[in-house]
Amino acid sequence: MFDINWGGLLLPLAYLVVLVGTFMTFSRVYRKRKAIESANLAPWFGPHLQRNVYLSLLHMEPEEGSDKAPKVPETVIRAALLRRAVEDIRRIIQIRTAKTACSSLLQRGSVGDDLWQRFLRAEKEMEEELRDVVMEANALLPGWGQIIFQSANEIAANKVLRDRLEEIEVQLEHDKEWWDKRRGDVKTDPTPKDQQQPADDEASEKGLAKAGSEDEPVLVETADTPSAAATPAATPPATPQGGSKKKKGRK
Amino acid sequence: MSDLETFDFLPLHIDPKSKAISSTSSASNSSTRALDAELAALNTLHRAIHALDPPHIVPPPPVPVNPKRSANVTKLRESGNAEYRKQHYSEAAKFYTLGLQMALTRPAWEPSQLVREEVHALYSNRAQAHMQLGDWPEAAVDAEASVEAKKQGNAKAWFRRGRCLIEMGRLAEAREWITRGLEYEGEEKELSELLKEVDGKLEEERARRDA
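These numbers come from a predicted model, not from an experiment.

Asker: Would you explain the interface of chain B and chain A in this entry?
Answerer: Accessible area lost during the coming together of the parts is what is often quoted as the interface size. On the side of chain A, 74 residues touch chain B, which itself brings 73 residues to the contact. Buried surface at the junction of chain B and chain A, both sides included, amounts to about 6500 Å², of which 63% is carbon and sulfur. One can count 5 salt bridges joining chain B with chain A. Where Arg126 of chain B meets Glu169 of chain A, a salt bridge forms, and the shortest distance between an N and an O atom there is 3.9 Å. Between the two partners, chain B and chain A, sit 14 residue pairs in polar contact (both at pLDDT 80 or more). Mapped by element, the contributors of at least two residues to the side of chain B that touches chain A are strand S1 (12–14), helix H1 (30–50), helix H3 (89–104), helix H4 (112–133), helix H5 (136–149), helix H6 (155–167) and helix H8 (189–210) of chain B. Here the side of chain B that touches chain A gets 10 residues from one element, more than from any other, and that element is H1 of chain B.

Asker: Any chance you could explain the pattern of salt bridges here in plain terms?
Answerer: Two side chains of opposite charge can pair, provided their charged atoms sit close to one another. Using the criterion set out here, one finds 30 salt bridges over all chains in the structure. Here Lys189 of chain B ties to Glu193 of chain B by a salt bridge, and the two come within 3.8 Å at their closest N and O atoms. Highlighted residues: Lys189 of chain B and Glu193 of chain B, both in helix H8, separated by 4 residues, approximately one helical turn. Beyond isolated ion pairs, a larger network of salt bridges with shared partners links Asp175 of chain A together with Glu144, Arg161, Arg170 and Glu173 of chain B.

Asker: Any chance you could explain the side chain of His46 of chain B here in plain terms?
Answerer: Tracing the chain through its elements places His46 of chain B in helix H1. In this structure His46 of chain B touches Thr75, Val76 and Ala79 of chain A together with Lys19 of chain B, once residues within four positions along its chain are discounted.

Asker: What's the story with the side chain of Asp175 of chain A in this structure? I'm lost.
Answerer: Here Asp175 of chain A shows up in helix H5 (residues 144–188). Apart from the residues within four sequence positions on either side, Asp175 of chain A is in contact with Pro137, Val141 and Arg170 of chain B.

Asker: How should I be thinking about the packing of helix H2 (residues 67–85) of chain B against H4 of chain B in this particular structure?
Answerer: The axes of two packed helices give the description: the angle between them and the distance between them. All names here are of chain B. Look at H2 against H4: their axes get within 11 Å of each other, and the N-to-C directions meet at 15 degrees. Between H2 and H4, the crossing angle belongs to the class labelled roughly parallel. As H2 packs across H4, the resulting crossing turns out to be left-handed. Each of Ser70, Val73, Arg77, Asn81 and Tyr84 in H2 lies in contact with H4, whose residues at this interface are Leu114, Glu118, Ala121, Leu122, Asn125, Gln128, Ala129 and Gln132. The residue inventory of the contact of H2 with H4, partitioned by class, reads 6 nonpolar, 5 polar and 2 charged.

Asker: Would you mind going over a nonpolar patch on the surface with me for this structure?
Answerer: On the surface, Ile4, Trp6, Leu9, Leu13, Tyr15, Leu16, Leu19, Val20, Phe23 and Met24 of chain A cluster together to form a nonpolar patch covering roughly 1000 Å² of accessible area. Its location among the elements puts Leu9 of chain A in helix H1 (residues 6–39).

Definitions and limits used
- Residues numbered from 1 in each chain as written.
- Chains lettered and ligands numbered in written order.
- Predicted model: local features only at pLDDT ≥ 70, side-chain atom pairs only at ≥ 80, totals over all residues.
- Heavy atoms only, no water.
- Contact = heavy atoms within 4.5 Å.
- Buried area = accessible area lost by both parts, 1.4 Å probe.
- Salt bridge = Lys/Arg side-chain N within 4 Å of Asp/Glu carboxyl O.
- Polar contact = N/O pair within 3.5 Å; in protein donor to acceptor, adjacent residues only side chain to side chain.
- Helix = DSSP H or I, 4+ residues; strand = E, 2+ residues; numbered from the N terminus.
- Axes fitted to C-alpha atoms, helices over the stretch in contact; angles between N-to-C directions.
- Parallel < 35°, antiparallel > 145°, perpendicular 65-115°, else oblique.
- Left-handed = near helix turned anticlockwise from the far one by under 90°.
- Nonpolar A, V, L, I, M, F, W, Y, C, P; charged D, E, K, R; others polar.
- Patch = residues over 30% accessible without salt bridge, like charges linked within 9 Å, V, L, I, M, F, W, Y side chains within 5 Å.
- Areas by Shrake-Rupley, 256 points an atom, 1.4 Å probe, with all protein chains shown as cover.

Functional significance is not addressed by these values, which are geometric in nature.
Encoded structure:
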């Protein structure tokens, strides 16, 4: 009944084989290329220096002239692990802040897919890294795994605060120099106002400010150096006089 | 961190006596500089951990805090305040400086929030003392540091730096600073008044320039 005409089917079958074959080769090549690409994606973070230090300390090699590796005390190992945890905290914060930005950029199509791939991989790696640190901590001291990241978190936050405060404090030198120069300029500039108002504004900050806002000294200043007075910063040298005067008054 | 199973071996050396870790590679480039900085941080942390009181061999959890240091900081601040009330402003500033040293040398693993609380009050008070002495740059920097430690609910420090900038004649800067302060503090009365004052001065200045 069903007498299949194999001869007639040969052509469509060959067509199918070629079609499927092409698809398969294409998909294989494509996937392989993709895998290589993602393996070669630049890592999100640079080398983890603290982790390298920690592991290097665990695997110290004997130095020249001795056949025993130097013994690293436990305290140093613990400190190194804590440093590693601090760096991890910094990276976690970076990942968290980057995540929302990254995903919204991806949705809008502003960044490529490979960036997102790199990001996901970094996230996964960080999870592994955290687990590893907790395990190491528990191995060094039972129960430390629960608190090491709390400590590390505070260390990281304290570091940020101290760095910022330092940044602010270094401005002082510069500011002071500028101010001394400025005040010097004002002092050598004999204005009639200078004699006019001796120690009368002992009063308060407000009084001082008002003394500064009086036009007269500034007008004198403008007459002396019109070009300097034209810039906004050069206008109120009247105030400094009040300030320095006040100091003298107090002494 | 490309691989979780491997690491880059760094040639490290440990001093047998001081237990200080140093790098043995002699080349000098940016990566060894980073390594040296890291090792210095490691050694500092190690010393701090080493100095812990006996029952602890690793940093204890951030809370509860050892109350000794907080008490000292509070005491120093109160001494400063007492001197300030007696109008001994430079003595007051000295006490505040000591308090700041005490607060900032708190072990790194203790709560940073606590450090911020203590430090903002001390900086703000020292700014006030400097203002009384007419040392505007010092006061301005201290007030800025205070704001850095605590941005919200710190209207005094915002006000003080604003005032210092005005006194130093940096009006444009003062205006910017006060506006930013108002963003954090809402419609704070003194700050708003200060803003009006600056605006008035800027206006005057403009009028003078145009004249």
